[in-house]
Amino acid sequence: MFLLLIVWFSAPLLAVEVRQFAGPEEKQRYENLLRDLRCLVCQNQSLADSDADLARDLRDEVYKMIHDGKSEQEASQFLVDRYGDFVLYRPPFKLQTVLLWIGPLLVLMVALAVAGHQARLRVRAAGARLSVDERARLNDLKNRLGE
Amino acid sequence: MRFLIPLIVFLLLSVFLAIGLTRDPHEVPSPLVGKPAPAFTLSRLDDPQRQFGSEQLKGEVSLLNVWASWCTACRQEHQILLALAGRVNVPLYGLNYKDEREAGLGWLQRLGNPYRISVSDPDGKVGMNWGVYGVPETFVIDKRGVIRYKQIGPVTEDVLEGVLLPLIRQLQAEEATA
């Protein structure tokens, strides 16, 4: 049972091959990239997580580029050129994705506007509901404050 | 009037979700459509001594079908590909993707060979340059060697009749120098 658990929990780690790196910084760049790139076959997994054949090939390719001293930018561009922006977990900001980026902000602004409008209506409605006596007291208070 | 607001929001959401449902999330639009076919030179499947390359795709409208003997969906489309030649006069080239040469040749012998030429891409490097992420995939290439369409998944009767044949005829009518 215990052994089974070990195998179970270590399975995702097996997807990543053993690699040689020039230094920890290079290793870091490689791993960052794999986390930010999407596997085309199993689309809800990153290249780092996926065990698909294609993911393995793409990892090889990314490794080679990083090892050759290419920048992360160049490596991800290589994949974008072939598979489109879809391979990026962080979509770039451009015309097609504008709604994706500013959509939540727009929704928030609309919600605030509606809430503000509602609040003002409620205040006005509350004001209209005052009795003659209350109105007189309110005016009285206002006058006193004004002095 | 105010009760209309939730209704409008609901309808808007429904429209967006309905559009979403008609899309296949597995189809990743290719950035290569509209671009020159990525260059390659590979050995022919039937004769490894001879080469075939992307330069030879220029001059006429052609199809490049990515296939493998281990791919079940390829078997599904094979009959359609065999019938294709009878419908329209267009060369069909095969890219034998990550396959064993013997397995690929055996497959063509058993099921028939719809291809003018097949090339082997044993490690999938050329496939990667072409943005292949699942077999089968079929590219429509115009006279200038520019990719004009990519079919992801098997070519079905509907795809052939509805998309490929009209497009091929349209491209064949285009000027080569356009």
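Computed from a predicted structure; not experimentally measured.

Analysis parameters
Residues numbered from 1 in each chain as written. Chains lettered and ligands numbered in written order. Predicted model: local features only at pLDDT ≥ 70, side-chain atom pairs only at ≥ 80, totals over all residues. Heavy atoms only, no water. Disulfide = S-S within 2.5 Å. Buried < 20%, exposed > 50% of the residue type's maximum accessible area, 1.4 Å probe, protein only. Helix = DSSP H or I, 4+ residues; strand = E, 2+ residues; numbered from the N terminus. Core = buried A, V, L, I, M, F, W, Y, C linked by side-chain atoms within 4.5 Å. Contact = heavy atoms within 4.5 Å. Pairing = 2+ DSSP bridges. Right-handed = clockwise from strand over helix to strand, strands pointing away. Buried area = accessible area lost by both parts, 1.4 Å probe. Salt bridge = Lys/Arg side-chain N within 4 Å of Asp/Glu carboxyl O. Polar contact = N/O pair within 3.5 Å; in protein donor to acceptor, adjacent residues only side chain to side chain. Nonpolar A, V, L, I, M, F, W, Y, C, P; charged D, E, K, R; others polar. Phe/Tyr/Trp six-rings, centres within 6.5 Å; stacked < 30°, edge-to-face > 60°. Lys NZ or Arg CZ within 6 Å of the ring centre and 35° of its normal.

Draft legend 1. Seen up close, the state of the cysteines. Residues and elements named next belong to chain A. If you walk through the whole model with that rule in mind, you get 1 disulfide over all chains. Here Cys39 is not cross-linked by a disulfide; its sulfur's nearest cysteine counterpart is in Cys42, at 3.2 Å. A relative accessible area of 1% means that Cys39 is categorised as buried. Here Cys42 falls in the partly exposed class, since its relative accessible area comes to 24%.

Draft legend 2. Layout of the environment of Asn32 of chain A. The topology assignment puts Asn32 of chain A in helix α2 (residues 24-36). Along the primary structure Asn32 of chain A and Glu72 of chain A are separated by 40 residues, whereas in three dimensions their C-alpha atoms are 8.7 Å apart.

Draft legend 3. Representation of the nonpolar core in the model. Ranked by size, the top nonpolar core spans 74 residues in total, and within it Leu79 and Tyr83 of chain A together with Trp130 of chain B carry the most contacts. With near-sequence residues (within four places) excluded, Trp130 of chain B lies in contact with Leu32, Ala37, Pro38, Phe40, Leu57, Leu64, Phe139, Ile141, Ile147 and Lys150 of chain B.

Draft legend 4. The arrangement of the pairing of strand β4 (residues 92-97) of chain B in detail. Residue and element names in this part refer to chain B. For β4, a buried count of 6 out of 6 residues is recorded, marking the element as mostly surrounded by other parts of the structure. Going residue by residue along β4, you find Leu92, Gly94 and Asn96 tucked away on one face and Tyr93, Leu95 and Tyr97 tucked away on the opposite face as well. Pairing of strand β3 (residues 62-67) with β4, which is carried by 5 bridges, proceeds in the parallel orientation. Pairing of Leu64 across the sheet is with Tyr93, part of β4. Chirality of the crossover, the property in question, places the unit of β3, helix α2 (residues 72-87) and β4 among those that are right-handed. Relative to strand β5 (residues 117-121), β4 runs parallel, the two sharing 5 bridges. Each residue of the ladder has a partner; that of Tyr93, found in β5, is Ile117. Tracing the backbone out of β4, into helix α3 (residues 101-111) and back to the parallel element β5 gives a crossover that is right-handed.

Draft legend 5. Main features of the interface of chain A and chain B. Listed per partner, the contact involves 17 residues of chain A and 17 residues of chain B. Carbon and sulfur atoms make up 51% of the surface buried where chain A meets chain B, a total of about 1,300 Å² over both sides. Considering only the side of chain A, the residues that lose the most area to chain B are Gln43, Arg82 and Tyr83 of chain A, jointly responsible for 39% of the buried surface there. Inspection of the region where chain A meets chain B yields 2 salt bridges. The shortest N-O distance in the salt bridge between Lys98 of chain B and Asp53 of chain A comes to 3.2 Å. The tally of links between chain A and chain B comes to 4 residue pairs in polar contact (both at pLDDT 80 or more). Only α3 (53-67) and α4 (72-83) of chain A provide two or more residues apiece to the side of chain A that touches chain B. For the side of chain A that touches chain B, the leading source of residues is α3 of chain A, giving 6 residues. Here the side of chain A that touches chain B is built from residues that sort into 8 nonpolar, 3 polar and 6 charged.

Draft legend 6. Structural context of the packing of aromatic side chains. Inspection of every chain in the model, using the stated rule, returns 10 aromatic pairs over all chains. Aromatic pair Phe40 of chain B and Phe52 of chain B: ring centres 6.5 Å apart, planes at 50°, arrangement tilted. In this pair, Phe40 of chain B sits in the loop between α1 (4-22) and β1 (41-43) while Phe52 of chain B sits in strand β2 (residues 51-53), placing the two residues 12 residues apart along the sequence. Accessibility classification places Phe40 of chain B together with Phe52 of chain B in one group, the buried group. Consider the rings of Phe40 of chain B and Trp130 of chain B, whose centres lie 5.9 Å apart with planes at 65°: the pair is edge-to-face. A residue pair is termed long-range when its members are at least 10 positions apart, and Phe40 of chain B in the loop between α1 and β1 and Trp130 of chain B in the loop between α4 (125-129) and β6 (137-141) qualify at 90 residues. Like Trp130 of chain B, Phe40 of chain B is buried. We note Arg38 of chain A situated over the ring of Phe86 of chain A; from NZ or CZ to the ring centre the distance is 4.5 Å. Taking NZ or CZ as reference, Arg82 of chain A lies 3.7 Å from the ring centre of Phe78 of chain A, over its face.

Draft legend 7. Molecular detail of the pattern of salt bridges. If you walk through the whole model with that rule in mind, you get 20 salt bridges over all chains. Put simply, Glu174 of chain B and Arg148 of chain B hold a salt bridge, and the shortest N to O gap is 3.1 Å. Of this pair, Glu174 of chain B sits in the segment after α5 (157-173) while Arg148 of chain B is found in strand β7 (residues 147-152), placing the two residues 26 residues apart along the sequence. Within the structure, one salt-bridge network assembled from shared partners comprises Asp51, Asp53, Arg56 and Asp57 of chain A together with Lys98 of chain B.

Nothing here speaks to function; it is geometry throughout.
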